[in-house]
Each structure stands twice: as C-alpha cells, then as structure tokens.
Amino acid sequence: MTRARPGRESGLVRPYVVTGGRSAPSRNTFDQVTLVKILHQDLSRANLTPEQLAVLELCTPGALSVAEIGSHLRLPLSVLRIVLADLMETGHITTRSTILKAQRADRELLEAVLAGLQAL
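Residues numbered from 1 in each chain as written. Predicted model: local features only at pLDDT ≥ 70, side-chain atom pairs only at ≥ 80, totals over all residues. Heavy atoms only, no water.

1. Here's the deal with the overall build of the protein chain
Looking only at helices and strands, one finds five helices and three strands in the protein chain. In sequence order, the secondary structure elements of the protein chain are arranged as α-β-α-β-α-α-β-α. When contacts within the protein chain are restricted to residue pairs at least 6 apart in sequence, long-range pairs at least 24 apart make up 75% of them. Per element, the accessible surface of the protein chain, about 9100 Å² overall, is 54% carbon and sulfur. (Helix = DSSP H or I, 4+ residues; strand = E, 2+ residues; numbered from the N terminus. Contact = heavy atoms within 4.5 Å. Areas by Shrake-Rupley, 256 points an atom, 1.4 Å probe, with all protein chains shown as cover.)

2. Some thoughts on the sheet that holds strand S3 (residues 93–96)
Overall, antiparallel pairing links the three strands, which are arranged S2-S1-S3 in an open sheet. Of all strands in the sheet, those with a lone pairing partner are strand S2 (64–65) and S3, marking the two edges. One ladder, built from two bridges, connects strand S1 (residues 35–38) with S2; its direction is antiparallel. In the strand pairing of S2, Val36 is matched with Leu64. (Pairing = 2+ DSSP bridges.)

Structure (structure tokens):
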C-alpha cells in the first residue's frame with residue numbers, strides 16, 4: 001500500500017508540467033499587483049490548458065491582480081507568470097498597471113480653500 005506524503009494532495013501536478021518545462025515567461029513579465037483582464041471573450045479556448053482556462057474563468061467578471069489569481073489557483077508566482085504570458089501572447093488577456101499614488105495636496109492651497117469656505 002502506497003501512502004501519499006503528508007501535505008500532498010493526490011491530484012498534485014508538478015510546476016514543470018504546467019509550464020511545459022519552461023522556467024521563465026517568454027517575453028512578458030508580471031508583478032504581483034499587475035491587473036489581468038480578459039481581452040477577447042470570443043477567442044477559441046480549445047487548445048488552452050486547464051490552468052489557462054481557470055485564469056480566464058476567474059477574470060470573466062472583471063480584472064484581478066496576479067497575486068489574487070495565484071491565490072485562487074494555488075500556483076506559485078513563477079508558474080503563474082508563464083501561464084499568463086502564454087495567454088497574453090495568444091491575445092486572451094491584457095494587463096494594466098495599478099493606479100499610481102496621487103501627489104500630496106499642497107498644504108497652503110488647502111488652507112486657503114478652507115479659509116475661503118469659512119469666509120462664506
């Protein structure tokens with residue numbers, strides 16, 4: 001009787017199987033906060049892997065960050081980056097950087113606005 005190692009699920013797929021033996025994305029790089037969005041709903045999904053299909057299903061309602069997708073799929077970031085790069089190359093997804101922080105408001109300007117409001 002063969003017993004599975006503790007902490008291992010019976011359906012575990014090794015990362016090199018998911019990535020086709022690749023250790024780096026072909027051209028696109030994704031950080032953890034990059035937002036992923038489906039680009040074309042009508043593209044054929046016939047040749048996609050189960051992981052790629054899962055990414056598309058997760059992103060159908062709207063954009064998700066790379067970290068959120070990885071958490072849902074329980075994939076290491078290095079593996080997910082390769083899956084996402086493949087989806088981007090086939091035109092299934094697009095990415096958007098996160099919204100940058102706004103500059104701090106000028107204190108003097110805010111005080112002048114407050115003074116003007118108080119004078120009304």
